[in-house]
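Structural description and commentary
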Amino acid sequence: MEDITTIAALYLLWKSYKRSNKRRSVWVHNIIKRRTQFGEYHCLIKELRLDDCRFQRYFRMTCVQFDDLLARVGVRISRMDTNYRRSLSAAERLSICLRYLATGDSFRTIANSFRVGVSTVSTIIPDVATAIWDCLVEEFMAVPSTEEWRSIAEKFEERWNFPLCCGALDGKHVVLKAPENTGSQFFNYKGTFSLVLLAVVDAERCFRVIDVGGYGRTSDGGILANSAFGQALKSGSLQLPAGLPLSGGDHLGPLPHVFVADEAFPLRKNLMRPFPGRNLPRERRIFNYRLSRARLVVENAFGILSSQWRMYRHVIEVQPEVAEKFVKATCILHNFLRRTTQAVADVEPLPGLGRIAANNSAREAIRVREVFTSYFNAEGTVPWQDDV
C-alpha cells in the first residue's frame, strides 16, 4: 500500500514539473497584436463618435457623457506601461466595462471584439465598475439630508399626489449562475439563483439608497430588516423631516413622512403598504390605488435600469461579490445619466441605530394608514380616482 502511495505521489510531482516547464507557444496571440489596427475601440468606436445616436445606442450614453465619466474615473483606472507591453488606455478600459454592462455579453465575446485576453477583460470589468461607484457615489447617491428628504416629499405630492412621501421602496432579483458551495441561499421563489437589489427611488426615478447582495431566498421584508436603511428607518434615525399636517387636513393632526412599498414589506409608522385582500371597501381601494400610483416610480426605475443596462437580461456568470460591483455601477450610472446637470448635497452617512417598541409602532402604523385613507377620500381626493 505504501508503494502505491509513493508511486502516485511521484507521478503527481512529475506532472507538476512538466506543467511548470511547459513553454508558451505564443506569448501574445497575433490577433491581440493587431488590436490597434482592428480592435473595436480603435476602429468602430472612433467612427461611432461621428454619429452620436449610434454612439449612445452602443454605450447607453452620449459622447459628452462618456467623456465626462472618463474625466471623473480616468485617473483611478489608468495603468502604467511596462518594459514588456503597453497598458490599455483608461478610455479603452472604460469602453470594455461599459460595453459589458450595456450588453451582458460573455467575457470571451467582449475580449474578441476588443482584441484583448479573456483574463484581461475579467480583471478590467470589476476594477472599472468599482472605480465608477467609488468616484460617483458621493455626488450622485449621497444619503439624503433632512432638507433633501423634504424636497423629495414635495415632488412626490406634486407629481404623484401622495403627500409626505420620501420615496418608493422595492426589491429586484438579479439572476446569477448558481454560486459554488452556497446551497440554496441564492435560490429564489422563481426557481433561479439571484441576489437582491433593494432600492429607494425618488419622484424623478433616481436611486437615493440601495442595498445590494441579499440572498435570493430571503423575502423583501427580510432584506429590508437586514439592511442599514431598514434598521435606520425602524429606529427613527434616518433624519427624516418632522411630521406635518396634510394640505387641507389640519384637523387630522400631523403625520410622519413615509415611504411607500408593496405587500411584501411590513407596515410601519414610516412605511406604508396596501390594505390586504380583494373585496375591500371603496375607501381602502382608493388608498391602495393612490399608494400604488406613487409606488410605480420604483418599478419604472427598475424597468429603465434593465432596459438600459442589458446585463440584467442575462444570467450573470460571476461570483456574487463581483456581481454586486456590477449592480452598484449600473445604479450609480443610472443616476449619473439622469442628473448630470443637477447640484447635489454633501454625503450624510446613516446615523447610529437604536431600538423602538414594536407594539406601539404597530398601532401607530395602523393609525397613520387610516388617516391617509380618510384624507384621500375627503380633502385629498383627485378626480380620476372615482373610476377605481
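Note that the coordinates shown come from a computational prediction; the quantities given were computed from them, not determined experimentally. (Residues numbered from 1 in each chain as written. Predicted model: local features only at pLDDT ≥ 70, side-chain atom pairs only at ≥ 80, totals over all residues. Heavy atoms only, no water.)

**Quick look at the overall build of the protein**
Within the protein, the secondary structure is distributed over 15 helices and seven strands. Counting every position in the protein, which comprises 388 residues, the buried fraction comes to 47%. Of all intrachain contacts in the protein linking residues separated by at least 6 positions in sequence, the fraction that spans at least 24 positions is 69%. In the structure as shown, the protein presents an accessible area of about 20,300 Å², 50% of it carried by carbon and sulfur atoms. (Helix = DSSP H or I, 4+ residues; strand = E, 2+ residues; numbered from the N terminus. Buried < 20%, exposed > 50% of the residue type's maximum accessible area, 1.4 Å probe, protein only. Contact = heavy atoms within 4.5 Å. Areas by Shrake-Rupley, 256 points an atom, 1.4 Å probe, with all protein chains shown as cover.)

**Considerations on the packing of aromatic side chains**
On inspection of all chains with the given rule, the structure shows 18 aromatic pairs. Following the ring pairs from residue to residue traces out a cluster consisting of Phe 162, Phe 275, Phe 287, Phe 372, Tyr 375 and Phe 376. Taking NZ or CZ as reference, Arg 99 lies 3.9 Å from the ring centre of Tyr 58, over its face. Its end group placed over the ring of Phe 275, Arg 369 keeps NZ or CZ at 4.1 Å from the ring centre. (Phe/Tyr/Trp six-rings, centres within 6.5 Å; stacked < 30°, edge-to-face > 60°. Lys NZ or Arg CZ within 6 Å of the ring centre and 35° of its normal.)

**So, the pattern of salt bridges**
By the definition in use, this model includes 14 salt bridges. Between Asp 202 and Arg 208 there is a salt bridge, and its shortest N-O distance comes to 3.1 Å. Across the pair Arg 367 and Glu 364 runs a salt bridge whose closest N-O atoms are separated by 2.9 Å. Here Arg 367 pairs with Glu 364, and both are found in helix 15 (residues 358-376), just three residues apart, close to one helical turn. Given the relative accessible area of 34%, Arg 367 is considered partly exposed. Relative accessible area serves as the criterion here: at 24%, Glu 364 is assigned to the partly exposed category. (Salt bridge = Lys/Arg side-chain N within 4 Å of Asp/Glu carboxyl O.)

**With respect to the environment of Leu 70**
For Leu 70, the location among the structural elements is in helix 6 (residues 63-77). Residues Leu 70 and Leu 94 lie 24 residues apart in sequence; the distance between their C-alpha atoms is 7.3 Å. When sequence neighbours within four positions are dropped, the list of residues in contact with Leu 70 reads Ala 90, Ala 91 and Leu 94.

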